[in-house]
Amino acid sequence: MKTARFSFLLGLSLLLMALLVPQPIQAQTIQDILQEHEEIIAKGSRRTIQPAIDALRDSGLPEAQRVMELWQDKALWQRKDDKQFFLTEPLEGRTLQLIDLISGQPVGTAEKSDLKQIKPNSGVRGLIGAALVQFQLMDPHPLTRRDSLIAIQRDPKPTHLPALRGAIEGETDPDLKALKERLERLLTITYGETDAERIIAIESFAGDLGVDARAALNPILTTTRVAVTEASDVNIARQLTPGQNDFTADDAYALLIAENLAYPAISNDEKRLALVANVVDGQVAGFAVETLNTYEARDQAYSALAAEGLVPADVTRAAQQKALQRHEFYDVYNEPSQAVTDAARGTLQAIETRVGLNQTADLALDGLSLASIYFLAAIGLAITFGVMGVINMAHGEFIMMGAYTGYVVQLFIPDYTLSIIAALPLAFAITFAAGVAMERTVIRWLYHRPLETLLATFGISIALQQLAKNIFGTQARPLTAPGWLDGAWVINDVVSISYIRIAIFVLALIFFALLLFILKRTRLGLEVRAVTQNPKMAASMGINTDKINMLTFGLGSGIAGIAGVAIGLFAQVTANLGSGYIVQSFMTVVVGGVGNIWGTLAGATMIGSLQKIIEFFNPSNTLAAQTYMVIFIIIFIQFRPRGIIALRGRAAGD
Amino acid sequence: MQRSFIARNPSVLIFLGILAVFTLGATILSEGFGIGLISTSMIKTLGKTLCLCLIAIAMDLVWGYCGILSLGHFAFFGLGGYMIGMWLMYARTENIILTSLAQAPIPPTDDEIRSAIGNQIFGVVGGSDFPLIWAFADSLTIQLVLVVLVPGLLALVFGWLAFRSRVTGVYLSILTQAMTLALSLYLFQNDSGLRGNNGLSGLQNIPGAKGVPQSVISIWFLWASAIALALGYILAAWMMSGKFGSVIRGIRDDEARVRFLGYSVETYKLVIFTVTAIIAAIAGALYYPQAGIINPAEIAPIASIYLAVWVAIGGRGRIYGAVIGAALVSLLSTWFTGGQAPSIPLGFYTIHWVDWWQVLLGVTFVLVTLFAPQGIGGAIDRLVRKGTQL
């Protein structure tokens, strides 16, 4: 009881105290501030308006932002007799309803002729806008602040800089504060007032990998090509000598023409037109038209025409040369301060070095992911071809079957995650069955004729491809990855890798480990290796070679099916899906070394990373990359015909 | 006792006879010189088929006789076509340009003619300059030499590299397939200098034969193809019936033994590889003017595998087998995929051969490999043997 009364008293006294604490005195209303600067607001000149804007911005009044927005939107009206500002709404006739700025209540009416609309010009509106940016940057809602930062980032203006500077101090969110500070430095690079502060900002970005940093720095180093008679006070990037380093004499002369320092020479085409215009009775200035089929003859005829004054005289090579000698040619930085350009160059160099390192890392990731795709596509082949010595041209079609299995499963299970989980074993089962069926019906009759296996399986391959076309049509079918595989793991602006590729990499690793385990640690693996090395001896040891061959082939085909699901996630699922991988897969197996899984890993890694490296040097042309890749493989096989990891001794078979 | 060439190769006379009757018959029935029973496009198809028979002979020599399953001979075929195609395209474009520039008020300079031709040919890939490989495109003689030289040199260098490092069996097949793939990928590029994906087109118009109708030109090419095929057949039969042929067959059957007997296996392989590449190139040079267009898709690796399919169905190790296989399969293929074959209604489903021909071909091929590895030629041999025994 006692405590209850005590706490009631305490609460009461706290309430009283809160009421008694003096509120910040409303020294000014928004109307007062506007009145204070009434003259310059009404005048609306860009040069003098700043104090009014500053006063509004710094007033701390809650309605300041809205009033500034209204001002910017030309919604403020001023009553001519007492200079008071109002909002208006049109009533009938020329009468306007006056609305109070603060309360938003109607406070009377007025004739339009008694009022003046405040119409700030575009310069003033820009200044108001910049001040408004600061309101957004200091908005209590962090999302609004972030949005306005992004807006500035996208389209920076000089006026943003002071607004941004004013908004850093009060920022409470550490992330946003860092973002603001970074943006402030970026803006300082371009819009800073003194060279010193710009240089400090520039140098603060040394080693920064952000694209925005490079985007801010690069414009500083843009140059313009100029021709002058004598060097003046400009920030010269380099002097150019006509005829050297891609700067031909023709380029130099074109520059002179562009700057109105020389007359253009008459081009061959113009000469031809001039001659055509002056044909008289089958002759041009005494030269028969039929003889004018060389440039020399045309030059002579043109000179004759010029001598008669019918056409402007040509500028001879010698005259052009003289003009070039009278001038000097420079690439001049658009940025006047040499200290700034030096700092920007130095910083960009530092950035480029780091970017180069990171690009190498990115390239390595790309190569690795391509390698894991090749590995997945080829590992099944490595088992059938490498371990059993059977060329299976239909391997690509097993990949295709796997991809279509994934597609069909998605038709029945709409949840993408579940459907992928269901599709993987199903694809394995289907292609395993297909592989076993093929081995039983075709391949086992051809174990002693490897070249004919190649052709027979090719027959199966074209039949399967056409069947797939007949069943699923020729257009690509979607195999959609689950949502959690969308997007990419972004390490920085240079290095990133999509989740699908990581998933495929993991899948490849799992299969590598699994196959290694099966072949090296299980009874089946032992028997497979025995049959591989010497089928007759294995058979006499009691191993059922028929069964082993069948299971091995099924295993290789089943893995192709799983690879198909994985490949279908990022490639188009068509009937030709597999044939695109078959040659690549064979090369992976052959380059790596036939008959062992480590070899396939080595081959896939080499081919994958090499292809990415070639693509890096010639990014516009993946066809060229593939061409060089294949040529490289052909040459590589010259030197290591048995692949990177070659089996030796009896294990090599022949 | 050395028997005469004809006596050792009775098939040559029979073949030449059939070929002559066929060509004469086609000419008599054609629109150009005869009664017009066979359309011009059919004559072209027949002429193309003869070219395919010629390359099938080349394939048979290298695979059926020497045991090298080359999956690259269609690349040589295509290269031959490209070489002649360059001249055809250049000369024809030059004709067109000269005709149109003749209207110009003052005669064009050589430079202007050349850049106009370049624009016309390479505009489609966004260029107008002549790449270096077109340096001799204006000379028919040089391009004809290049038809032989370019594929021949490629085969020589590739073969030398491959055979020297003792790449054999399926490895060699994959390597030749890689070569074909590299070549077709290269040609697919726009800056390869051969118009990339567009290929060379308008090849059916023969420069210098202005006003001659296609129906007549098609007969010219039919005869040219027939003569080339006859010569190719005789050359193949002659090569394979002598000592050279015996060594080649020996390499197929047991390469190591032939090597131990002191023969330079690599040289023999290289010779047969290069010679067949040249035969393939000549076949290509005759084929593409009849086809009218050549593009990189023509020499994709799959085409070379089809070539092996023809030879296998026809029967390996018999020259006439290759011819029969190529003629039969390619003509059937044209018939089935051309939509002329009647559909088979099954009530619940109608079999359209356009959709099912590939399946039929694939299955047939598997069956032939499994049950008749000697192909059609093997069946003929058995019949002939039965006939002589009786």
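Residues numbered from 1 in each chain as written. Chains lettered and ligands numbered in written order. Predicted model: local features only at pLDDT ≥ 70, side-chain atom pairs only at ≥ 80, totals over all residues.

A short note on the overall build of chain B
Heads up, the rule is: Secondary structure elements are defined from DSSP: runs of H or I of at least 4 residues count as helices, runs of E of at least 2 residues count as strands, and each element is numbered from the N terminus. Based on C-alpha atoms, the radius of gyration is set beside the globule rule, defined as 2.2 Å times the residue count to the power 0.38. Two residues qualify as a contact pair if the distance between their C-beta atoms, derived from the backbone, is within 7 Å.
If you tally the helices and strands in chain B, you get 15 helices and 4 strands. In summary, chain B has a C-alpha radius of gyration of 23 Å against a globular reference of 21 Å for 390 residues, a match within 12%. Once the C-alpha set of chain B is aligned to its principal axes, its extents read approximately 80 × 55 × 50 Å. At a minimum sequence separation of 6, the contacts of chain B that also span at least 24 residues come to 76%.

Focus: the sheet that holds strand β5 (residues 115–117) of chain A
Residues and elements named next belong to chain A. Keep this limit in mind: Strands qualify as paired when DSSP identifies two bridges or more between them. To obtain an axis, a line is fitted to C-alpha atoms, over the contacting stretch when the element is a helix, and the angle between two such axes runs from 0 to 180 degrees between their N-to-C directions.
On the basis of which strands lie adjacent, the open sheet formed by 5 strands has the order β4-β3-β2-β1-β5 and antiparallel pairing. The sheet terminates laterally at β4 (106–111) and β5, the two strands that pair on one side only. Within the sheet, the average angular offset between the axes of one strand and its neighbour, ignoring direction, is 45°. In this structure, strand β2 (residues 85–90) lies alongside strand β3 (residues 95–99), joined through 4 bridges in antiparallel fashion. Counterpart to Leu 87 in the pairing with β3 is Ile 99.

Focus on the domain arrangement of chain A
Condition: What counts as a domain boundary in this text is fixed by an automatic or database domain assignment.
The domains assigned to chain A are domain 1 (30–124), domain 2 (138–221), domain 3 (223–333) and domain 4 (374–582). Measuring from the centre of the C-alpha atoms in domain 2 of chain A to the corresponding centre in domain 4 of chain A gives 52 Å.

Considering the confidence of the model for chain A
Rule in force here: How sure the predictor is of each residue is captured by pLDDT, a score from 0 to 100.
With 94% of its residues at a pLDDT of 70 or more, chain A has an overall mean of 82. Taken as a whole, residues 20–25 of chain A scores under 50 in pLDDT and shows 0 contacts with residues more than four places along the chain or in a different chain.

Quick notes on helix α25 (residues 597–617) of chain A
Rule in force here: Here the expected span of a helix is defined as 1.5 Å times the quantity of residues minus one. For every residue, the other C-beta atoms within 10 Å of its own C-beta are counted; 20 or more classify it as buried, 12 or fewer as exposed, and values in between as partly exposed. C-beta atoms are placed from the backbone.
Given a rise of 1.5 Å per residue, 21 residues ought to cover 30 Å, and the 30 Å separating the end C-alpha atoms of α25 of chain A matches this to within 8%. With 15 of 21 residues buried, α25 of chain A lies mostly within the body of the structure.

Focus on the interface of chain B and chain A
Our working definition: Side-chain classes follow a simple rule in which Ala, Val, Leu, Ile, Met, Phe, Trp, Tyr, Cys and Pro form the nonpolar group, Asp, Glu, Lys and Arg form the charged group, and the remainder, Gly included, forms the polar group.
Taken together, the contact between chain B and chain A spans 41 residues of the former and 43 residues of the latter. Contributions of two or more residues to the side of chain B that touches chain A are made by α7 (169–188), α12 (301–314) and α14 (353–371) of chain B. Take the side of chain B that touches chain A: its biggest share by element is 14 residues, from α7 of chain B. Here the side of chain B that touches chain A is composed, by residue class, of 30 nonpolar, 9 polar and 2 charged.

Thoughts on the sheet that holds strand β10 (residues 328–333) of chain A
Residue and element names in this part refer to chain A. Spatially, the 3 strands line up as an open sheet ordered β6-β10-β7, and their pairing is antiparallel. The sheet is open, and its two borders are formed by β6 (223–228) and β7 (236–240), each paired with just one other strand. Mean inter-strand twist for the sheet, computed between neighbouring axes without regard to direction, equals 25°.

Some points on the environment of Trp 87 of chain B
All names here are of chain B. Tracing the backbone shows Trp 87 in helix α4 (residues 73–101). By C-beta crowding, Trp 87 is classed as buried, having 25 other C-beta atoms within 10 Å. Residues Trp 87 and Ile 6, spaced 81 residues apart in sequence, show a C-alpha to C-alpha distance of 38 Å. When sequence neighbours within four positions are dropped, the list of residues in contact with Trp 87 reads Ala 137, Leu 140 and Gln 143.

Looking at the nonpolar core
To keep things clear, this is the line we draw: In this usage, the nonpolar core is the set of buried Ala, Val, Leu, Ile, Met, Phe, Trp, Tyr and Cys residues whose C-beta atoms join them within 7 Å.
Counting 208 residues, the largest nonpolar core has Ile 55, Ala 56, Ile 57 and Ala 308 of chain B as the members making the most contacts within it. Top contributing element to this core by residue count: helix α3 (residues 40–65) of chain B, with 16 residues. Setting aside residues up to four positions removed in sequence, Ala 56 of chain B forms contacts with Leu 307, Trp 310, Val 311, Gly 314, Ala 322, Val 323, Gly 325 and Ala 326 of chain B. Residues Ile 53, Val 67, Met 68 and Leu 348 of chain A belong to the second largest nonpolar core, which totals 41 residues.

Here's the deal with helix α19 (residues 450–472) of chain A
Structurally, the α-helix is built with 3.6 residues per turn, so residues lying three or four positions apart point the same way. Between its terminal C-alpha atoms α19 of chain A stretches 32 Å, which fits the 33 Å expected from 23 residues at 1.5 Å a residue. Of the residues trailing α19 of chain A, Gly 473 of chain A is marked for its positive phi of about 80°.

Re the packing of helix α18 (residues 416–441) of chain A against helix α23 (residues 545–570) of chain A
Residue and element names in this part refer to chain A. Just so we agree on the cut-off: Put simply, angles under 35 degrees are roughly parallel, angles over 145 are roughly antiparallel, angles from 65 to 115 are roughly perpendicular, and the rest are oblique. Crossing handedness follows the turn of the near helix against the far one: under a right angle anticlockwise gives a left-handed crossing, and clockwise gives a right-handed one.
Where α18 meets α23, the closest approach of the two axes is 7 Å, and the angle between their N-to-C directions is 140°. Compared by their axis directions, α18 and α23 come out oblique. For the pair α18 and α23, the crossing hand works out as right-handed. In contact with Ala 423, Leu 424, Ala 427, Phe 428, Ile 430, Thr 431, Phe 432, Ala 434, Gly 435, Val 436, Glu 439 and Arg 440 of α18, α23 contributes Asn 549, Met 550, Phe 553, Gly 554, Gly 556, Ser 557, Gly 558, Ala 560, Gly 561, Ile 562, Gly 564 and Val 565. Of the residues that constitute the contact of α18 with α23, the class distribution is 13 nonpolar, 9 polar and 2 charged.

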